[in-house]
Amino acid sequence: MAVEAVTLSGQEETVLEDTVVKVFRCAKVVKGGRRFSFAALVVVGDRSGTVGVGYGKAKEVPMAVEKGIKDAKKSLHKIPLVGRTIPHQVIGRYGATKVVLVPASPGTGVIAGSSTRAALEYAGVQDVLTKVYGSTSAKNVVKATLNGLLKLRSKETVEALRGVKIKTIEKSGGD
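Keep in mind the model is a prediction, meaning the values are calculated, not measured.

Cut-offs applied
All residue numbers here refer to positions counted from 1 along the written sequence of the relevant chain. Where totals are concerned, whole chains, interfaces and linings use all residues; where local detail is concerned, this predicted model gives features only for residues with pLDDT of at least 70, and gives and counts side-chain atom pairs only at 80 or more. The side-chain quantities take in all heavy atoms of the structure and omit both hydrogens and water. Only one rule defines a salt bridge in this text: a Lys or Arg side-chain nitrogen within 4 Å of an Asp or Glu carboxyl oxygen. By definition, any uninterrupted DSSP run of H or I lasting at least four residues is a helix, any uninterrupted run of E lasting at least two residues is a strand, and each is numbered from the N terminus. Relative accessibility decides the category of a residue: with a 1.4 Å probe and only protein chains considered, values under 20% of the type maximum give buried, values over 50% give exposed, and everything between is partly exposed. The rule is short: rings of Phe, Tyr and Trp, with Trp giving its six-membered ring, pair when the centres are within 6.5 Å, and they are stacked under 30 degrees, edge-to-face over 60, tilted in between. Geometrically, a charge over a ring is one whose NZ (Lys) or CZ (Arg) sits within 6 Å of the ring centre while staying within 35 degrees of the ring normal. Definition of nonpolar core: a set of buried residues of the types Ala, Val, Leu, Ile, Met, Phe, Trp, Tyr and Cys, connected through side-chain atoms within 4.5 Å. Residue contacts are counted whenever heavy atoms from the two residues lie within 4.5 Å of one another. Only strands that DSSP links by at least two bridges are regarded as paired with each other. Lines fitted to C-alpha atoms define the axes here, with helix axes fitted over just the stretch in contact, and angles between the N-to-C directions of these axes take values from 0 to 180 degrees. Candidates for patches are residues over 30% relative accessible area with no salt bridge; among them, like charges are joined within 9 Å and nonpolar side chains (Val, Leu, Ile, Met, Phe, Trp, Tyr) within 5 Å. The Shrake-Rupley method, run with a 1.4 Å probe, gives the accessible areas here. Residue values count only the displayed protein chains as cover. Charged-residue counts in this description rest on Lys and Arg as positive and Asp and Glu as negative, His and the chain ends being excluded. Lys charges are placed at NZ, Arg charges at CZ, Asp charges at CG and Glu charges at CD.

Examining the pattern of salt bridges
Piece 1. Enumeration over the complete set of coordinates arrives at four salt bridges.
Piece 2. Close ionic contact of Arg 117 with Glu 121 constitutes a salt bridge, the shortest N to O distance being 3.6 Å. Here Arg 117 and its partner Glu 121 are both found in helix H2 (residues 114-123), four residues apart, which amounts to about one turn of the helix.
Piece 3. Among the residues examined, Glu 121 registers a relative accessible area of 28% and is labelled partly exposed.

Here it is as structure tokens:
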């Protein structure tokens, strides 16, 4: 896990952290035996609303990870957050995978599997409930999670798009 400062399109410098979600090994059978190649699925983020996913392939694991990090930094996305959680429930889809992301109350933590957890934690989400339906392959789950995060809209964005003011509905106690 490396930490590196990066400037995002005219903003102040942010510190990006990266993690390897999964390393894949592929074998090619040749005359002398098996020849292995590796692929790395990597998530990069600043833990405060910016996240990217990358995939790198090489003959050796460190090179694959490096390529994955470089690829992830090319596809950074800004995610709207409400405090420590997401603004509303959303469903992310990719291939045969469906990921449901539900906002949670403070102190809940990230209730998710390892692939979904990596994407959410590096995006800066600290309280969220998730459920994966369909295919559970790491590649599809991470991409479905990112798809769900990209569907999120803040209250201000929705108000601007609709041209109306949105009232917040307060939850009453258990009466």
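On we go.
So, the packing of aromatic side chains
Piece 1. The full count for this structure, using the stated rule, is one aromatic pair.
Piece 2. A cation over a ring is seen here: Lys 98 above Tyr 133, with NZ or CZ 5.6 Å from the ring centre.

Overview of the nonpolar core
Piece 1. Core analysis: the largest hydrophobic core is formed by 24 residues, its most contacted members being Val 43, Val 51, Ile 86, Leu 101, Leu 120 and Leu 149.
Piece 2. Elements that contribute at least two residues to this core include exactly strand S3 (33-45), strand S4 (50-58), strand S7 (97-103), H2 and helix H3 (138-151).
Piece 3. For this core, the element with the highest residue contribution is H3, accounting for six residues.
Piece 4. Ignoring any residue separated from it by four or fewer positions in sequence, one finds Leu 120 in contact with Leu 101, Val 110, Val 125, Val 128, Thr 130, Thr 145 and Leu 149.
Piece 5. Listed in part, the 10 residues of the second largest apolar core include Leu 16, Val 44, Ala 64 and Val 65.

Considerations on the sheet that holds strand S6 (residues 90-94)
Piece 1. Taken in spatial order, the four strands line up as S6-S7-S9-S8 in an open sheet, and their pairing is mixed. The two strands at the open ends of the sheet, each matched to only one other strand, are S6 and strand S8 (110-111).
Piece 2. Relative to strand S9 (residues 128-134), S8 runs parallel, the two being bridged by two bridges. Looking across to S9, one finds that Ile 111 is bridged to Leu 129.
Piece 3. Across the sheet, H2 is in contact with S7, S8 and S9; its angle to S9 comes to roughly 140°.
Piece 4. Relative to the sheet, H3 contacts S6, S7 and S9, its axis offset from that of S6 by approximately 135°.

Here we look at a positive patch on the surface
Piece 1. On the surface, Lys 22, Lys 57, Lys 139 and Lys 143 cluster together to form a positively charged patch.
Piece 2. Following the sequence through the fold, Lys 139 ends up in helix H3.

Nothing here speaks to function; it is geometry throughout.
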